[in-house]
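Each chain, written out:
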Amino acid sequence: MRQDGASLFLGVAIDTKPLSVLTSQALSVIDSRKSQVVFACANPHSLVVAQSDRTFSGALNNADQVVADGVGVTMMAKVAGVQIGPRITGTDYFLALMGALNRRGAGRIFFLGSSEKVLNLIAQKFSREFPKLELGGTLSPPFRSWTSAENASIISAINAARPDILWVGMTAPKQEKWVYENRNQLAVPVVGSIGAVFDFFAGTYPRAPKWMCRIGMEWAYRLIKEPRRMWRRNILSSPRFVALVLWRHVFGVE
């Protein structure tokens, strides 16, 4: 389990480092290509799911960088007296790392996940937003469980492209589990599970207005926009998350 620069919160090691440090670490790994950084996000819903899904919990704790993605995580960590890093969304990390590479003038990127429509829109915006980077490839995998042969073919396509970064957008916990199970076969310096960032960047699903993001109300915007998909995590998971934090970290009951 990752311990350096991280604090355990509901059994998951969450980074205490700021975005600038996380980005610098990723860039160093890209430069050396001698190791690997796996990035993941922890929000209230994912932390609740991780309590009963041991594979998902293992995936989060096997990741090298896990950030507090959600105002609920940072707020309840303060209540519990657990020191974690600042709130960092998947979008924050994606834009920071891509922007840093673009300023340096080199980098190959691969996008795995979502639909062909979304990937095509990503490819179009990619060339405009990051003109100095190279799109190494995109791949929309089947929206079902993959056979061993299909999985091997996906890994082969990624490795053949020799990307510096592999962005994975298949929703949690599927994306984190897939990275966990296959990271040793991926010859990629940085692998990031960023889910909805694919839709945000493509423009198929607008992110909340900046003022809502600043005050931590992005969750409300997403609930209004996608009630059928988001109600479970906001109506069911959020209260359970608060109760678990109080039970484990405040009252000290396992």
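The structure this text deals with has already been given above.
None of these values were measured; they are calculated from a predicted model.

A closer look at the side chain of Glu176
Reasoning step 1: By the element assignment, Glu176 lies in helix H8 (residues 174–182).
Reasoning step 2: No salt bridge is formed by the buried Glu176, whose closest oppositely charged neighbour, Lys177, lies at an N-O distance of 8.7 Å.
Reasoning step 3: For Glu176, the contacting residues outside a window of four places in its chain are Ala40, Phe56, Ala59, Leu60, Thr171 and Ser193.

Looking at the packing of helix H3 (residues 54–62) against H8
Reasoning step 1: Close contact between H3 and H8 brings their axes to 9 Å; oriented N to C, the two are set at 70°. In terms of orientation, H3 lies roughly perpendicular with respect to H8. The crossing of H3 and H8 is left-handed. Touching Thr55, Phe56, Gly58, Ala59, Leu60 and Asn62 of H3 are Glu176, Lys177, Tyr180 and Glu181, all from H8.
Reasoning step 2: The residue inventory of the contact of H3 with H8, partitioned by class, reads four nonpolar, three polar and three charged.

Quick notes on the sheet that holds strand S4 (residues 65–68)
Adjacent strands of a sheet pair through backbone hydrogen bonds, lying either parallel or antiparallel.
Reasoning step 1: Ordered in space as S4-S3-S8-S7-S5-S6, the six strands form an open sheet in which the pairing is parallel. The sheet terminates laterally at S4 and strand S6 (134–139), the two strands that pair on one side only. Across the sheet, the axes of successive neighbouring strands diverge by a mean angle of 15°, strand direction being ignored.
Reasoning step 2: Here three bridges tie strand S3 (residues 37–42) to strand S8 (residues 190–193), and the two strands are oriented parallel to one another. By the bridge assignment for S8, Val37 is matched with Val190.

So, H8
Reasoning step 1: Gln175, Glu176, Trp178, Val179 and Asn182 are the residues of H8 that are buried. When H8 is viewed along its axis, its buried side chains cluster within an angular range of 160° and face the same direction.
Reasoning step 2: Those residues of H8 hidden inside the fold are in contact with S3, H3, strand S5 (108–113), helix H7 (148–161), strand S7 (165–169) and S8.

Focus: the pattern of salt bridges
Reasoning step 1: Inspection of the entire model under this criterion finds seven salt bridges.
Reasoning step 2: Across the pair Glu134 and Arg108 runs a salt bridge, and its minimum N-O distance is 2.4 Å. Taken together, the positions of Glu134 in strand S6 and Arg108 in strand S5 put the pair 26 residues apart, joining distant regions of the chain.
Reasoning step 3: Of the residues examined, Arg108 reaches a relative accessible area of 23% and is grouped as partly exposed.

Quick word on the nonpolar core
A general trend in soluble globular proteins is that nonpolar side chains are found buried together.
Reasoning step 1: Counting residues in hydrophobic clusters, the biggest one holds 39 residues, and the most contacted among them are Phe9, Ile14, Leu47, Ile158, Leu166, Trp178 and Phe241.
Reasoning step 2: For Trp178, the contacting residues outside a window of four places in its chain are Leu112, Trp146, Asn151, Ile154, Ile155, Ile158, Leu166, Val168, Met170 and Leu186.
Reasoning step 3: Listed in part, the 32 residues of the second largest apolar core include Cys41, Ala100, Ile194 and Phe201.

Criteria and thresholds
Position numbers for residues count from 1 along each chain, tracking the sequence in the order it is written. It should be noted that, the model being predicted, local features are given only for residues of pLDDT at least 70 and side-chain atom pairs only at 80 or more, the latter also being counted only at that level, while totals for whole chains, interfaces and linings use all residues. To get the side-chain values, take all heavy atoms of the structure and skip hydrogens and water. By the criteria applied, helices consist of DSSP H or I runs no shorter than four residues and strands consist of E runs no shorter than two, each listed in order from the N terminus. Three labels apply to residues, based on accessible area from a 1.4 Å probe with only protein chains included: buried if under 20% of the type maximum, exposed if over 50%, partly exposed otherwise in between. Working convention for charge: Lys and Arg count positive, Asp and Glu count negative, and His plus the chain ends are omitted. One side-chain nitrogen of Lys or Arg within 4 Å of one carboxyl oxygen of Asp or Glu is enough to make a salt bridge. In this description, contact between two residues means that some pair of their heavy atoms is separated by no more than 4.5 Å. Axis angles are defined between N-to-C directions and span 0 to 180 degrees, where every axis is a line fitted to C-alpha atoms and, for a helix, only to the segment in contact. In this scheme, roughly parallel covers angles under 35 degrees and roughly antiparallel covers those over 145, while 65 to 115 is roughly perpendicular and the rest are oblique. Each crossing gets its hand from how the near helix is turned against the far one by less than a right angle, where anticlockwise is left-handed and clockwise is right-handed. Here the term charged refers only to Asp, Glu, Lys and Arg, the term nonpolar to Ala, Val, Leu, Ile, Met, Phe, Trp, Tyr, Cys and Pro, and the term polar to all other amino acids, Gly among them. Two strands qualify as a pair provided DSSP detects at least 2 bridges between them. The arc under discussion is defined with respect to the helix axis, by the directions toward the C-beta atoms. Side-chain atoms within 4.5 Å are what join buried Ala, Val, Leu, Ile, Met, Phe, Trp, Tyr and Cys residues into a set we call a nonpolar core.

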